[in-house]
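Now for the letters of each chain:
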Amino acid sequence: QAQQQTKERSKSRKRSREASRARSANGRLGAQEFSFGDTLGEGSYSTVMRAQYIRTGQEYAIKILDKNHLIRKDKMLVALAEKNVLVKLGAGHPGIIHLHWTFQDEWSLFFVLDLAPNGEMQSRISRLGSLSLASSRYYAAQIVDALEYMHGKDVIHRDLKPENLLLDAQFRIKITDFGTGKILENGAERGNTFVGTAQYVAPELLENNETSKSSDLWALGCIIYQMISGRFAFQGLSEYLTWQKIKSLDYNFPDGFDEDAKDLVRRLFIRDPTQRLGAGGPDSAHSYAALRAHSFFESVSWETLWTDPAPPLE
Ligand code: ATP
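Computed from a predicted model, the values in this text were never measured in an experiment.

Caption draft 1: Quick look at the environment of Arg 276. Among the secondary structure elements, Arg 276 is positioned in the loop between helix 9 (259-268) and helix 10 (288-292). Overall, Arg 276 belongs to the buried group, its relative accessible area being 0%. When the C-alpha atoms of Arg 276 and Leu 237 are compared, they prove to be 27 Å apart, with 39 residues separating the residues in sequence. Leave out the neighbours within four places in its chain, and Arg 276 touches Ala 202, Pro 203, Glu 204, Ser 214, Ser 215, Trp 218, Arg 267, Leu 268, Ile 270, Arg 271 and His 286. Reaching out from Arg 276, the side chain makes a polar contact with the backbone oxygen of Ile 270 at a distance of 2.8 Å.

This is the structure in structure tokens:
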């Protein structure tokens, strides 16, 4: 069945491109304006392809979503939510994937995105076992910087994890996959049926069905732990057992784990979401300013974070 679906999706991509060529020069942006290259990856409802905008030579990643597939799986609203969140975030931050244009034809939706040619952070961690302390610090700082911007715009990601941290040509972070993103109206969300990825889910979602900006900070703690140690902070033999560990804060640090990093992770792994470092308002003791001022980030130059070269990933 999966093979059949892949075949159908590739057929519909081909139809889209042929039709776009036939309808070229209608004045609106369409697939005919791009020269498509290799496939960068496949999602559950999408294919992402490298593409060059012929007019400027600029390269992008185009996410192609098959409309029939979205309708059949009842995921049209998810695709539209992703688009709305990306539009809201705009081009305002270098650490967040930017949606340049969208267009559609009879068969597909097209999202023209920044190209992140160096793949997912998850593959780097898997390949290297773990990251150096210098890399972990650098990437943790970039995530903090991007999260502060995102949260300032009242957007929460809700599924932050190394698979959703892409690396651009300079090996800097681009946060992606806002299909689960949410524009907040009154601080926290209750009663949603969404649960992110087991190992990164915050306890308030498991206990009260509630997510807020602070749930992204819990995930940040999980990511810092994982970059440094190479393993999940919370991992049971099943999803249920992983959740049990999260709810009872059952984790420990491997030998040699940096002391400043331990302190930071402990301040993020706090059950009460309002007490997590980064979750408080500007005047509180756990504001974003306090998070940036944590001793783990002492050597970070926040002003040049997006222009300094990335530490080597080795
Ligand atoms: P799912 O929909 O199942 O959650 P996903 O979110 O990974 O999966 P996509 O957003 O379609 O699905 O991405 C598919 C793959 O394409 C990703 O795993 C990623 O490796 C690659 N990819 C996505 N966006 C980009 C990009 N802007 N630049 C480079 N590669 C990308």
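Having seen it, we continue.
Caption draft 2: The arrangement of the site of the ligand in detail. Around the ligand sit 16 residues, and of these Ser 44, Ser 46, Lys 63, Asp 114 and Glu 120 come closest. In this structure, an oxygen atom belonging to the ligand sits 2.5 Å away from a side-chain N or O atom of Ser 46. A distance of 2.9 Å is found between an oxygen atom of the ligand and a side-chain nitrogen or oxygen belonging to Asp 177. Coverage of the ligand by the protein amounts to 79% of the 610 Å² it exposes when considered alone. Grouping the amino acids of the shell around the ligand by side-chain chemistry returns seven nonpolar, four polar and five charged.

Caption draft 3: Here's a closer look at unusual backbone geometry. The backbone phi angle of Asp 74 is positive, close to 60 degrees, even though this residue is not glycine. Relative to the assigned elements, Asp 74 resides in the loop between helix 2 (67-72) and helix 3 (76-89). Positive phi is not limited to glycine here, since Arg 158 has a value of about 75 degrees. Examined against the element boundaries, Arg 158 turns out to sit in the loop between strand 6 (155-156) and strand 7 (165-167).

Caption draft 4: Representation of helix 3. Compared with an ideal rise of 1.5 Å per residue, which puts 14 residues at 20 Å, helix 3 spans 20 Å between its outermost C-alpha atoms and is within 8% of the ideal. Listing the buried residues of helix 3 in full gives Ala 79, Glu 82, Val 85, Leu 86 and Leu 89. Along the axis of helix 3, the buried residues cluster in a sector spanning 130 degrees; they form a single face. Facing away from the buried side of helix 3, by more than 90 degrees, are the exposed residues Leu 77 and Val 87. Of the residues one or two after helix 3, Gly 90 is the one with positive phi, at around 60 degrees.

Caption draft 5: Geometry of helix 5 (residues 133-152). In a regular helix each residue adds 1.5 Å, so 20 residues correspond to 28 Å; helix 5 covers 28 Å between its end C-alpha atoms and thus fits that length. Positioned one or two residues after helix 5, Asp 154 has a phi angle of 60 degrees, which is positive.

Caption draft 6: Molecular detail of the nonpolar core. One finds Met 121, Tyr 139, Leu 220, Ile 224, Met 227, Leu 291 and Phe 297 to be the most contacted residues of the largest nonpolar core, which totals 67 residues. Setting aside its immediate chain neighbours within four residues, Met 227 contacts Met 121, Ile 125, Ser 130, Leu 131, Ser 136, Tyr 139 and Ala 140. Residues Ala 31, Phe 36, Ala 51 and Phe 103 belong to the second largest nonpolar core, which totals 12 residues.

Caption draft 7: Here's a closer look at the sheet that holds strand 4 (residues 99-104). Across the sheet, five strands lie side by side as 1-2-3-5-4; this open sheet has antiparallel pairing. Looking at strand neighbours, the two that pair on one side only are strand 1 (34-42) and strand 4, the edges of this open sheet. With strand direction ignored, the average angle separating the axes of adjacent strands in the sheet is 25 degrees. Where strand 4 lies against strand 5 (residues 108-113), five bridges are found, and the strand directions are antiparallel. By the bridge assignment, Gln 104 is partnered in strand 5 with Leu 109. Its contacts with the sheet put helix 3 on strand 3 (59-66), strand 4 and strand 5, and the angle it makes with strand 5 is roughly 25 degrees.

Caption draft 8: The packing of helix 5 against helix 7 (residues 213-229), seen in detail. The N-to-C vectors of helix 5 and helix 7 enclose an angle of 170 degrees; their axes lie 10 Å apart at closest approach. Classified by the interaxial angle, the pair formed by helix 5 and helix 7 is roughly antiparallel. Packed against helix 5, whose contacting residues are Leu 133, Ser 136, Tyr 139, Ala 140, Ile 143, Val 144, Leu 147, Met 150 and His 151, the element helix 7 presents Lys 213, Asp 216, Leu 217, Leu 220, Ile 223, Ile 224, Met 227 and Ile 228 at the interface. Tallied by class, residues from the contact of helix 5 with helix 7 come to 13 nonpolar, two polar and two charged.

About the cut-offs
- Residues numbered from 1 in each chain as written.
- Predicted model: local features only at pLDDT ≥ 70, side-chain atom pairs only at ≥ 80, totals over all residues.
- Heavy atoms only, no water.
- Helix = DSSP H or I, 4+ residues; strand = E, 2+ residues; numbered from the N terminus.
- Buried < 20%, exposed > 50% of the residue type's maximum accessible area, 1.4 Å probe, protein only.
- Contact = heavy atoms within 4.5 Å.
- Polar contact = N/O pair within 3.5 Å; in protein donor to acceptor, adjacent residues only side chain to side chain.
- Near = heavy atom within 4 Å.
- Areas by Shrake-Rupley, 256 points an atom, 1.4 Å probe, with all protein chains shown as cover.
- Nonpolar A, V, L, I, M, F, W, Y, C, P; charged D, E, K, R; others polar.
- Expected span 1.5 Å × (residues − 1).
- Arc of directions from axis to C-beta.
- Core = buried A, V, L, I, M, F, W, Y, C linked by side-chain atoms within 4.5 Å.
- Pairing = 2+ DSSP bridges.
- Axes fitted to C-alpha atoms, helices over the stretch in contact; angles between N-to-C directions.
- Parallel < 35°, antiparallel > 145°, perpendicular 65-115°, else oblique.

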